Amino acid sequence: MNNFIFQNATKVYFGKGCVKEYLSCLTRKADTVMLAYGGGSIKRNGVYDEVTGILHAAGKTVVEFSGIMANPTYAKVQQGAQLARENNVDMILAVGGGSVMDCCKAVALAARYEDDIWEDFWARPGVMEVEPLPLGVIVTVAGTGSECNGGAVITNQDKKIKTGRDYPKLNPQFALMDPTYTYSVPVKQMVSGGFDILSHIMETYLSEPNEDNVSDSIMEALMKSVIRNLRAAIQNPQDYTARSNLMWDSTMAENRVIKMGKKCDFECHNMEHQLGAYTDCNHGCGLAVLHPVYYRHIYQEGLPKFVRFARDVWGVDPNGKTQQELALAGIDALASFIQEIGLPTTLKELGVTDKEQLKEIADSCGISAGSYKKMTHEEILAIFQECYE
Ligand code: NZQ
Ligand code: ZN
């Protein structure tokens, strides 16, 4: 195993009724709370009424920051930061999915930073001596795992860059996770989020080291849990067991536990993020299109792990198959699952209409150092073209 340092600063309150039970206590030190949310799903499913009821009963001044879009933009971050400064906000409460949580992490930093936070943080990796505003989150959709890490993925529309930075001080102080809050997530978004969880695990598992390590063993259990529970939640969206497993799978995939001792790939994420920067596509759907094709490009370099993936995650029978055949059968099983749960399988289906633009997008993608096979921009373009239709 590679050397590592591990810490996770977020305190999780998980389960049915957790918001009612703990929210007022968790916000007790804040007089003014910025309540941040997306396009309005929380108003339709009752979460907004529950949360504002608790905050008002506790005598808080509530400043609303609404309309956070999927794939949050840097312009939206600046708007939130200005609102937080103008109202002397003591704490941000993000209620939503990855987009709301990520935007609020960036707002928490930008509100306390004088200069251009994009240029000094998102545009280049580095350490910043800024104490962000305190942040708490209420998760409403399983997928990104943003609730238990410092990562914030932001889109700069002017520069056509969508990128994430992980700043440990941006780990939320607390995460309230009630699986019943996810009952109202539309099936299309649920499977997209479910695939994002699977992608985070695959991007970590399908990387070195290949020798026996506890992270890989945990990941096999997690991947099987995502596959099983996604199928169950499609059958019955109000299956509490399935929803709670998916919610915790999502956190486990991105709370850094499984990354310990692993190199991590995340090239599919690099590619999806740039597709998103140019086309505003849905994150999980974009990943679903890319993964099987990407893996057919790299499996030979990581053959032993792809064989294990086929056999131990997808249950492919190894009898009578060469190692190559077995590895490819595992990738085929992944592709069949993507079809089975109704995710797109081509860029056209994803809504990408301009084939000519693929070169520019490919050239803008970051190259992962942790992949079994180091990509070139030419090979990324070839993958995009294979994915097109
Ligand atoms: O905006 P509202 O009206 O709330 O609707 C949202 C949105 O349309 C809806 N939704 C959320 N909870 C709901 C619900 N609808 C009904 N009932 C509920 N309970 O779902 C839609 C998608 O929400 P969004 O937050 O965009 O989805 P997701 O959680 O997949 O987040 C995607 C963003 O996170 C980034 C992605 O790139 C993308 O920008 N990522 C963040 C990561 C991180 N911070 O660690 C890692 C990921 O790899 C990812 O890149
Ligand atoms: Zn993701």
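Residues numbered from 1 in each chain as written. Chains lettered and ligands numbered in written order. Predicted model: local features only at pLDDT ≥ 70, side-chain atom pairs only at ≥ 80, totals over all residues. Heavy atoms only, no water.

## Description of the pairing of strand 4 (residues 91-96)
Of all six residues in strand 4, six are buried; the element is thus mostly enclosed. Sheet topology note: the strand 2 (residues 32-36)/strand 4 ladder contains four bridges and is parallel. Across the sheet, the residue bridging to Ala36 is Ala94, located in strand 4. Two strands pair when backbone bridges link them, and strand 4 and strand 5 (residues 135-139) are joined in this way by five bridges, in the parallel orientation. (Buried < 20%, exposed > 50% of the residue type's maximum accessible area, 1.4 Å probe, protein only. Helix = DSSP H or I, 4+ residues; strand = E, 2+ residues; numbered from the N terminus. Pairing = 2+ DSSP bridges.)

## Quick look at the coordination of the zinc ion (ligand 2)
Reference values for coordination geometry: four tetrahedral donors around a metal ideally subtend 109.5 degrees, six octahedral donors ideally subtend 90 or 180 degrees. Around the zinc ion (ligand 2), the donor atoms from the protein are Asp196 (OD), His200 (NE2), His269 (NE2) and His283 (NE2), and they sit 2.0 to 2.2 Å away. Sequence spacing of the donor residues for the zinc ion (ligand 2), all on one chain, is D-x3-H-x68-H-x13-H. Of this pair, His269 sits in helix 10 (residues 267-279) while His283 sits in helix 11 (residues 283-298); the two residues are 14 residues apart in sequence, bridging distant segments of the chain. Take His269: its relative accessible area is 6%, and that puts it in the buried class. (Donors = N, O, S within 2.8 Å, 3.2 Å for Na, K, Ca; no water.)

## Brief notes about the layout of surface pockets
When its volume is computed, the second largest pocket comes out at roughly 240 Å³. Around the second largest pocket, the lining residues are Cys25, Leu26, Arg28, Lys29, Ala30, Asp90, Met91, Pro134, Gln173 and Phe174. Considering only residue class, the lining of the second largest pocket consists of six nonpolar, one polar and three charged. (1 Å grid on protein atoms, 1.4 Å probe; cavity = no way out; pocket = protein on both sides within 12 Å on 5 of 7 lines; lining within 4 Å. Points joined across faces, edges and corners; volume = space filled by probe spheres on them. Nonpolar A, V, L, I, M, F, W, Y, C, P; charged D, E, K, R; others polar.)

## Brief notes about helix 11
Taking 1.5 Å per residue as the helical rise, helix 11 with its 16 residues ought to reach 22 Å, and the 22 Å between its terminal C-alpha atoms agrees with that figure. Most of helix 11 is tucked away: 15 of the 16 residues are buried. (Expected span 1.5 Å × (residues − 1).)

## Remarks on the nonpolar core
In this structure, Leu347 and Phe384 are the most contacted members of the largest nonpolar core, which totals 72 residues. With nine residues, the single largest contributor to this core is helix 11. Residues within four places of Phe384 in sequence aside, it is in contact with Met271, Leu275, Leu290, Leu347, Leu358, Ile361, Ala362 and Cys365. With 40 residues, the next largest nonpolar core counts Val63, Tyr74, Ala81 and Ile92 among its residues. (Core = buried A, V, L, I, M, F, W, Y, C linked by side-chain atoms within 4.5 Å. Contact = heavy atoms within 4.5 Å.)

## Structural notes on the sheet that holds strand 8 (residues 174-177)
Read from one edge of the open sheet, six strands run 1-8-5-4-2-3, paired in parallel fashion. Each of the sheet's edge strands pairs with one partner strand only, and the pair in question is strand 1 (11-14) and strand 3 (61-65). For this sheet, the mean angle separating the axes of adjacent strands, direction not counted, is 20°. As paired elements, strand 1 and strand 8 share four bridges and run parallel to each other. When the bridges of strand 8 are listed, Val12 appears paired with Ala175. (Axes fitted to C-alpha atoms, helices over the stretch in contact; angles between N-to-C directions.)

## A word on the packing of helix 7 (residues 187-205) against helix 10
Across the interface, helix 7 lies against helix 10 with an axial gap of 9 Å and an inter-helix angle of 135°. The orientation of helix 7 relative to helix 10 falls into the category oblique. On the side of helix 7, the interface is formed by Asp196, Ser199, His200 and Glu203, while helix 10 contributes Glu267, Cys268 and His269. Looking at the contact of helix 7 with helix 10 residue by residue, the classes come out as one nonpolar, three polar and three charged. (Parallel < 35°, antiparallel > 145°, perpendicular 65-115°, else oblique.)

Keep in mind these numbers describe shape, not what the thing actually does.
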